[in-house]
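Chains, contacts and geometry: an overview
Each chain, written out:
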Amino acid sequence: MSEESGHAPAPRELIGLPYDALEAAVIELDEPKFRAKQLWHWLYHRGATDFAEMSSLSKTFREKLAQHAVVSRPGVSSHHVSTDGTQKWLLRFADGNEAEMVFIPEEDRGTLCVSSQVGCTLTCSFCHTGTQRLVRNLSAGEVLGQIMLARDTLGEWPSPKEGRRLTNIVMMGMGEPLYNYDNVATALKIATDSHGLAFSRRRITLSTSGVVPMMQRCGEEIGVNLAVSLHATDDETRNELVPLNKKYPLKDLLEACRTYPGVHNARRITFEYVMIDGVNDSLEEAERLAELLRDIPAKINLIPFNPWPGTKYECSSWEAIEAFSDRLAELGYSAPVRTPRGRDINAACGQLKSDSQKKRRSQILKEQREQAAAPAST
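Residues numbered from 1 in each chain as written. Predicted model: local features only at pLDDT ≥ 70, side-chain atom pairs only at ≥ 80, totals over all residues. Heavy atoms only, no water.

1. Comments concerning the packing of aromatic side chains
For any pair of aromatic rings, geometry is given as the distance between the ring centres together with the angle between the planes. Stated precisely, the cut-off is as follows: Aromatic contacts are taken between Phe, Tyr and Trp rings whose centres are within 6.5 Å, Trp giving its six-membered ring; a plane angle under 30 degrees counts as stacked, one over 60 as edge-to-face, and the others as tilted. Criterion for a charge above a ring: Arg CZ or Lys NZ at most 6 Å from the ring centre, at most 35 degrees from the ring normal.
Scanning the model with the defined rule gives four aromatic pairs in all. With 6.2 Å between their ring centres and 85° between their planes, Phe305 and Tyr313 make a pair best called edge-to-face. Of the aromatic side chains, those joined through ring pairs into one cluster are Tyr19, Trp40 and Tyr44. The ring of Trp157 carries the charged tip of Arg151 above its face, separated from the ring centre by 5.2 Å. Note that Arg164 overlies the ring of Phe199, its terminal NZ or CZ placed 4.8 Å from the centroid.

Here's what the structure looks like:
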């Protein structure tokens, strides 16, 4: 936060800074480092956005913060509420780019579906989000800011220990989170900090389409639940539905699932399986799916395909979906059918999309390749 060449630097965004970086920023302002703990409490436990509210900080420190730092949330371009209570926000970030976030209330939980990228690296043929090219990765602060904005809307500050409406987080919005690993990991580590947002790791699920080189690292360093967008039982079909499969085929993906840190019968991997008429919904497919997963602690979510303008696919009939689920049950697998939520506001699975346009994609992809090749930290 120091000045250079006689020019004051732009105020520094505090949301998303790891604790050691926040501590270093406090020391730069000639304040004792214990002030970082107080500031962290105001940011992540109390949800304060105005330094003047931070009454336990000295007046001098608050004045320095107001001059050199900011605490912000994503802007809201639109906010829609479905007839079933699902909420969808179109969020606008400082550079004008947009991404979507969805909150799904249920009787026993409230789940926030968080985006990790503007657009998406992948081009899954059944997914509306996949038709929007990647614009950029979201920063740690922009990922974390989605959770904090939802807390603002739901009135959940200070961080409640009980009675929360927002209980679960899924990295299942726009983008492939393992292609933005460092920022997603930083955000989720702050979200699970016991002195801040205080979410249990067991209440957080990261969904991947199968970025195999990053899966082990995710389990070791973040320790959250894993969901895998599977959708097919053979490479030919999955190559069409999830083109990433051409790079990381089923054999490699399933081996990464078997060795995912912390996986066991009490903490299973969730396999997402979208039901598409005539593509992947036969009873033979159900039997192959059971065989593929037989040595992996697994649970299966069956997702009725959510149509969008221009798609070539149709949703499986309800009879086909029920028969598929029943066959898996006969083979020893729980395979509930996910009830579509928020369809009337295009908030259902696979329907998220913003109008942000592609830019500098080659640079983003270069960074992702370097990240995927990086060794796990010790």
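2. Observations concerning the pattern of salt bridges
Close approach of charged atoms lets side chains of opposite charge pair. As a reminder of what qualifies: Here, a salt bridge means any side-chain nitrogen of Lys or Arg that lies within 4 Å of a carboxyl oxygen of Asp or Glu. The helix count covers DSSP runs of H or I at least four residues long, the strand count covers runs of E at least two residues long, and both are numbered beginning at the N terminus.
Overall, the coordinates contain 19 salt bridges when judged by the stated rule. For the salt bridge of Arg136 with Asp95, the shortest nitrogen-to-oxygen distance reads 2.7 Å. Placement of the pair is Arg136 in strand 8 (residues 136-137) and Asp95 in the loop between strand 4 (87-92) and strand 5 (98-105), with a sequence separation of 41 residues. Put simply, Glu31, Arg35 and Lys64 are held in one network by salt bridges that share partners.

3. Examining the layout of surface pockets
It is the rolling of a water-molecule-sized probe over the atoms that shows where space remains empty. As a reminder, the rule being used: The definitions used throughout rest on a 1 Å grid laid over the protein atoms alone, on which a cavity is an enclosed set of points accommodating a 1.4 Å probe that cannot get out and a pocket is an open set flanked by protein within 12 Å on both sides along at least five of seven lines; lining residues are those having an atom within 4 Å of a point. Grid points are joined across faces, edges and corners, and a volume is the space filled by probe spheres set on the points. All residues other than Ala, Val, Leu, Ile, Met, Phe, Trp, Tyr, Cys, Pro, Asp, Glu, Lys and Arg, Gly among them, are scored as polar; the first ten of these are nonpolar and the last four charged.
By volume, the second largest pocket is sized at about 290 Å³. Along its surface, the second largest pocket is lined by 18 residues, and Glu13, Ile15, Ser139, Gly141 and Glu142 are the ones closest to its centre. At the level of secondary structure, the elements contributing two or more residues to the lining of the second largest pocket comprise helix 4 (140-154) and helix 5 (181-191). For the lining of the second largest pocket, the leading source of residues is helix 4, giving four residues. Here the lining of the second largest pocket is built from residues that sort into six nonpolar, eight polar and four charged.

4. A word on helix 6 (residues 212-221)
We apply this condition: Buried, partly exposed and exposed residues are distinguished by accessible area as a fraction of the type maximum, computed with a 1.4 Å probe on protein chains only: under 20%, between the cut-offs, and over 50%, respectively.
Summarising burial for helix 6: seven of the 10 residues are buried, a large majority. Residues of helix 6 that are buried include every one of Val212, Met214, Met215, Arg217, Cys218, Gly219 and Glu221, and no others. Of the residues flanking the end of helix 6, it is Gly223, one or two places downstream, whose phi is positive at about 75°.

5. Description of the pairing of strand 5
How we decide: Strands were regarded as paired on the criterion that DSSP finds at least two bridges between them.
A large share of strand 5 lies buried, amounting to six of its eight residues. Across four bridges, strand 5 lies against strand 6 (residues 110-113) in antiparallel orientation. Directly across from Ile104, in strand 6, lies its bridge partner Thr111. Taking the residues between adjacent antiparallel strands as the criterion, strand 5 and strand 6 are bridged by four residues.

6. What to know about the environment of Leu244
Basically, it comes down to this: By definition in these notes, contact holds between two residues if any of their heavy atoms fall within 4.5 Å.
Topologically, Leu244 is positioned in the loop between helix 7 (235-241) and helix 8 (250-258). For Leu244, a relative accessible area of 10% translates into the label buried. Here the alpha-carbon distance between Leu244 and Ser209, two residues 35 residues apart in the chain, equals 7.3 Å. Not counting residues up to four positions away in its chain, the partners in contact with Leu244 are Leu122, Tyr179, Ser209, Gly210 and Val211.

7. Details of the sheet that holds strand 4
This is how it is decided: The axes are straight lines fitted to the C-alpha atoms, using for helices just the contacting stretch, and the angles between their N-to-C directions are given from 0 to 180°.
Strand order in the open sheet made by the nine strands is 3-4-5-6-9-10-11-12-13, with mixed pairing throughout. Two strands close off the open sheet at either side, each with one partner strand: strand 3 (75-81) and strand 13 (298-304). Across the sheet, the mean angle separating the axes of adjacent strands is 20° when strand polarity is ignored. Where strand 3 lies against strand 4, six bridges are found, and the strand directions are antiparallel. Of the residues in strand 4, the one forming a bridge with Val76 is Leu91. Against the sheet, helix 10 (residues 318-330) touches strand 12 (269-275) and strand 13, its axis set at about 175° to strand 13.

8. A short note on the environment of Ala24
Following the sequence through the fold, Ala24 ends up in helix 1 (residues 19-28). Under the relative-accessibility criterion, Ala24 is labelled partly exposed at 38%. Put simply, Ala24 and Ala36 are 12 residues apart on the chain and 8.5 Å apart in space, counted from C-alpha to C-alpha.

9. Examining the confidence of the model for the chain
So the rule is basically this: Confidence of the predictor at the level of single residues is captured by pLDDT, which takes values from 0 to 100.
When pLDDT is averaged across the chain, the result is 89; 87% of the residues are at 70 or more. Element-level mean pLDDT values for the chain span from 56 in helix 11 (residues 361-373) up to 98 in helix 5. Confidence drops under a pLDDT of 50 for residues 348-354, and excluding neighbours within four residues, the segment shows 39 contacts in the predicted structure.

10. Some thoughts on unusual backbone geometry
With an omega of -10°, the peptide bond running from Trp157 to Pro158 counts as cis. You will see that Asp30, though not glycine, has its phi angle at about 60°, which is positive. Residue position: Asp30 is located in the loop between helix 1 and helix 2 (34-45). Of note in the backbone geometry, Ala198 takes a positive phi value of approximately 60° without being a glycine. Along the chain, Ala198 turns up in the loop between helix 5 and strand 10 (204-208).

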